Amino acid sequence: MGGLWIGQNVNLLPIEASANAPVYDELFRVLFSIGTILFIGILGLVIYSLIRFRRKPGQLSDGIALEGNLPLEIFWTAVPAVVVLFIGIYSYDIYDRMGGMTPLAHGDMHTHNSATTESKIWGGIGNASEKTGYESSIASLPIEVTAMQFAFLFHYPEGDIISGELHVPVGRPVSMRMESNDVIHAFWVPEFRLKQDVIPGQPTILNFTPTKPGRYPVICAELCGPYHGGMRSTVVVEDPNEYQTWFNKNAKDETLKT
Amino acid sequence: MSFSNLSLEKQSYKLQPSGWLRYLSFSLDHKVIGLQYLICGFIFYLIGGALASAIRIELTSPISDFMPREVYNQVLTLHGTVMIFLWIVPVVNGAFGNYLIPFYVGARDMAFPRLNAVAFWLIPPAGLMLISSYFITGAAESGWTAYPPLSITTPAAGQIIWILSVLLLGGSSIFGGINFIATILKLRRPGLKLMQLPMYCWAMLGTSILVVLSTPVLAGTLILLSFDIIANTGFFNPALGGNVIVYQHLFWFYSHPAVYIMVLPAFGLVSEILPIHCRKPLFGYSTMVYSIMAIVVLGLVVWAHHMFTSGTPPWMRLFFTIATSFIAVPTGIKFFNWVATLWGGKISLNSAVLFSCGFIVNFVLGGITGVALAQVPFDIHVHDTYFVVAHFHYIVYGGSVFVIFSAIYHWYPKFTGRLMNENLGRIHFLLTFIGFNLCFAPQHWLGLNGMPRRVAEYDPQFAFVNQLSSAGALLMAVSTLPFLWNAIRSLFNGQIAGDNPWNGLTPEWLTSSPPPVENWIGPAPLVKEPYAYGVNKKNQNLDLNESNESTSPNQ
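Residues numbered from 1 in each chain as written. Chains lettered and ligands numbered in written order. Predicted model: local features only at pLDDT ≥ 70, side-chain atom pairs only at ≥ 80, totals over all residues. Heavy atoms only, no water.

A. The arrangement of the overall build of chain B in detail. Across its full length, chain B holds 17 helices and two strands. Within chain B, buried positions represent 68% of all 555 residues. As displayed, chain B offers around 17,700 Å² of accessible surface, 70% of which is attributable to carbon and sulfur atoms. (Helix = DSSP H or I, 4+ residues; strand = E, 2+ residues; numbered from the N terminus. Buried < 20%, exposed > 50% of the residue type's maximum accessible area, 1.4 Å probe, protein only. Areas by Shrake-Rupley, 256 points an atom, 1.4 Å probe, with all protein chains shown as cover.)

Following this line, the structure appears as structure tokens:
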């Protein structure tokens, strides 16, 4: 019970800034509750055994000659199996709600992405060759990300903008196509609960919908050389008007300005 | 008889130096080789610990100020490589395996004594080469994973020396694995059935299968990587059409089973230590055996859970999530069985038991975070962060290293004939347990909140928690001192232990301490029930004097 309370009431995570984050945090709370209950249970059993069954001074006899107990062993094979099965099914459900299984479930139907954005709040991450959906999804904002030692560059094809800082409007799905110029990097925004490696020679994609205005760190999470720790950028989530102002100020292609 | 070849070996024993010089010689005695592994491994543990201290000193401040960034990357690469390949793998396998397995199967030595000595003597030169690369050319900078293209673009000399060292250490590991399989399956004393073997034999059999199946894959991969570096081939170099993800698959095909190569023997050692000190049979012998074998099989098909953010396709993520989660089932059985072994026992709360119980607690936490990490959506946030750093230190330090200390306290009287000091041992345990948890528990929070791993500089908001973690590391470093003092002083001043201070029933206790060259003066004892502790049960089935003519070898 204590474990359940801790699992539900102790928050170890940063703020939620993408549509995907609340779903993630739901999974986290479930895993944290189960984990805390199991851990406190085993810790309690070990400490209790060490105190209750410790050898008192003068005792020379052995313990009970208990070599096993089949029903008991079946019981504690079944319990972890059920727990693990539950976690597996539950995390599959979470993954599906995040949109991670979209290419598997829908096959070639990715052209209908915009129709399913209500249920699939996040387009998932993965290898670009598997998913070309973002090009045809009307609503999403396409951005091309280039990683290099030791910086990220964000290219907006719509206005031909190249920026070192990622600007995105709140509420609009973003589709990023990422590739590296040199070694493997990773794009990570802790407040979005999302991460995807940026690989040389193999474009990857990352889709998300920002929900909370603010400035969040973009962190490289794959060892990429001496200045790996300093390879950071910022994602600015702003309301659509501010984003449009920024966009108009920087867009090179005049016709795209609105 | 299976021992007939030993008459030849006897000749070579006579040529060995005696006294402490034995430990610097090309000895063929499995007990000498076991202790060579242990002492050599411990020296590398001190070096790896010094490297860890350097990392924790750098991380007490958010800026990179203690050492240059290139050196920091060299230090973290060496720390990982030394701790895995020169400390944990050689000690849980080589040291205790060589010392104990021949006793447990009732043999007078390992199946291939010369191969055994070669396997050990590959380690010191490989280790010295690796460490000296730091001073001569600069060590490898690409982490112990050596992912290309980073490992291809960083300075080549250090990377090539790293590859060469790991190849030699891998070779040593394979030689050891072949030797253990042969010894356990073919050198068993006639009359001793497989299901009567002490649990550590099963753990070593499973581990050796993993070693022999997966280490050659790592060797092949690293040879291809070295071609990419020195001969400009393009196996993993995207600039030449290579594929960097293939390297990751091949690397983790070895390096995930490597985790089980580090923890399965530790599981086996705990299964030997707890029953003796609890004065109870090991709970659920056969389920313990089956769960080891289940871990071996599952351990070979989980590697891609290290690659959930590498652009792996969804079906592959789903498969590896399920396979990885299910490892929790056989592992869980083992932990419940150990707790059941404690239950109702007459537990001596000595240093060996404290470290074993510390292992249970730490490993359960590491296992729980492990199941969480196996879930793709969870992993996508915390992959390559300090959450993962905390998780695997709970497995390999809180797990394997705690067991190594437990095993040293437990078998020290067998190695030397003297007991270690219990008060110093308890101080050692308390310092290690508190220091370890203070060092690594806060790192879970760091990872969840945005600190990636392998960084020399970080967001200033994480400074306090990092300092907390470094304080824990300091405590761990200090905890080594009472242990070292205890181990060295007890060698000369320790209480005389007698042959069997713990009243153990496994065969290594049924001879003198330290044991004679060929383990027993007379015939090897036949121990059919190595865990026959318990009221009214003790010694009932122990047949010390049965000679080997009446029973036929079992297969």
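B. Representation of the interface of chain A and chain B within the structure. Contact residues are listed per partner, giving 82 residues for chain A and 89 residues for chain B. When residues of chain A are sorted by the area they lose upon contact with chain B, D62, W76 and L223 of chain A head the list and together hold 10% of the total. The interface formed by chain A and chain B holds two salt bridges in total. Ionic pairing is found between D62 of chain A and R279 of chain B, a salt bridge with its closest N-O pair at 3.1 Å. Elements that contribute at least two residues to the side of chain A that touches chain B include exactly α2 (20-52), α3 (70-98), α4 (102-106), β1 (125-127), β8 (194-198) and β10 (214-220) of chain A. Take the side of chain A that touches chain B: its biggest share by element is 15 residues, from α3 of chain A. (Contact = heavy atoms within 4.5 Å. Buried area = accessible area lost by both parts, 1.4 Å probe. Salt bridge = Lys/Arg side-chain N within 4 Å of Asp/Glu carboxyl O.)

C. Inspection of the environment of P216 of chain B at higher detail. All names here are of chain B. As for its position among the elements, P216 is in helix α8 (residues 199-230). Sequence spacing of P216 and Y254 is 38 residues, and the spatial spacing of their C-alpha atoms is 8.2 Å. In this structure P216 touches I174 and V211, once residues within four positions along its chain are discounted.

D. How the structure looks around the packing of aromatic side chains. For the structure on display, the rule yields 68 aromatic pairs over all chains. Taking the centre distance of 4.4 Å and the plane angle of 25 degrees together, the rings of Y45 of chain B and W87 of chain B count as stacked. Of this pair, Y45 of chain B sits in helix α2 (residues 30-58) while W87 of chain B sits in helix α3 (residues 69-105), placing them 42 residues apart in sequence. Owing to a relative accessible area of 0%, W87 of chain B belongs among the buried residues under this scheme. Seen from their ring centres, W445 of chain B and F462 of chain B are 6.0 Å apart, and the 80 degrees between their planes marks the pair as edge-to-face. Here W445 of chain B is found in helix α16 (residues 422-448), whereas its partner F462 of chain B is found in the loop between α16 and α17 (463-493), with 17 residues between them in sequence. Of the residues examined, W445 of chain B reaches a relative accessible area of 28% and is grouped as partly exposed. Stacked on the ring of W188 of chain A, the Lys or Arg K195 of chain A has its end atom at 4.5 Å from the ring centre. (Phe/Tyr/Trp six-rings, centres within 6.5 Å; stacked < 30°, edge-to-face > 60°. Lys NZ or Arg CZ within 6 Å of the ring centre and 35° of its normal.)

E. Up close: the sheet that holds β8 of chain A. Residues and elements named next belong to chain A. What the five strands build is an open sheet, ordered β5-β11-β10-β7-β8; its pairing is mixed. Bordering the open sheet on either side are β5 (166-169) and β8, each of which pairs with just one other strand. Each adjacent strand pair in this sheet contributes to an overall mean axis angle of 25 degrees, direction not counted. As judged from the two bridges shared by strand β7 (residues 185-189) and β10, these two strands associate in the antiparallel manner. (Pairing = 2+ DSSP bridges. Axes fitted to C-alpha atoms, helices over the stretch in contact; angles between N-to-C directions.)

F. Representation of the pattern of salt bridges within the structure. All names here are of chain A. Evaluated as defined, the whole model comprises 10 salt bridges over all chains. Ionic pairing is found between R97 and E26, a salt bridge with its closest N-O pair at 3.1 Å. On the criterion of sequence distance, the pair formed by R97 in helix α3 and E26 in helix α2 is long-range, its members being 71 residues apart. Under the relative-accessibility criterion, R97 is labelled partly exposed at 31%. E158 is the salt-bridge partner of R172, the closest N and O atoms lying 3.4 Å from each other. Remark: E158 occurs in the loop between β3 (151-156) and β4 (161-163) and R172 occurs in the loop between β5 and β6 (174-180); sequence separation between them is 14 residues. Residue classification places E158 among the partly exposed positions, given a relative accessible area of 28%.

G. Looking closely at the side chain of K414 of chain B. Residue and element names in this part refer to chain B. Mapped onto the elements of the fold, K414 is located in helix α15 (residues 386-416). For the buried K414, which has no salt bridge, the nearest side chain bearing the opposite charge is D499, at an N-O separation of 5.7 Å. Engagement of the side chain of K414 in a polar contact is seen with the backbone oxygen of D499, the distance being 3.3 Å. Aside from chain neighbours lying at most four places away, what touches K414 is Y99, D499, E508, W509, T511, S512, S513, P514 and P515. (Lys, Arg positive; Asp, Glu negative; His and termini not counted. Polar contact = N/O pair within 3.5 Å; in protein donor to acceptor, adjacent residues only side chain to side chain.)

H. The arrangement of the packing of α2 of chain A against α3 of chain A in detail. Residues and elements named next belong to chain A. Packing of α2 against α3 leaves a shortest axis separation of 10 Å and a crossing angle of 170 degrees. Accordingly, the angle class assigned to the pair α2 and α3 is roughly antiparallel. Of the residues in α3, those in contact with N20, V23, Y24, E26, L27, V30, L31 and I34 of α2 are V83, F86, I87, Y90, S91, I94, R97 and M98. Residues that form the contact of α2 with α3 fall into these classes: 12 nonpolar, two polar and two charged. (Parallel < 35°, antiparallel > 145°, perpendicular 65-115°, else oblique. Nonpolar A, V, L, I, M, F, W, Y, C, P; charged D, E, K, R; others polar.)

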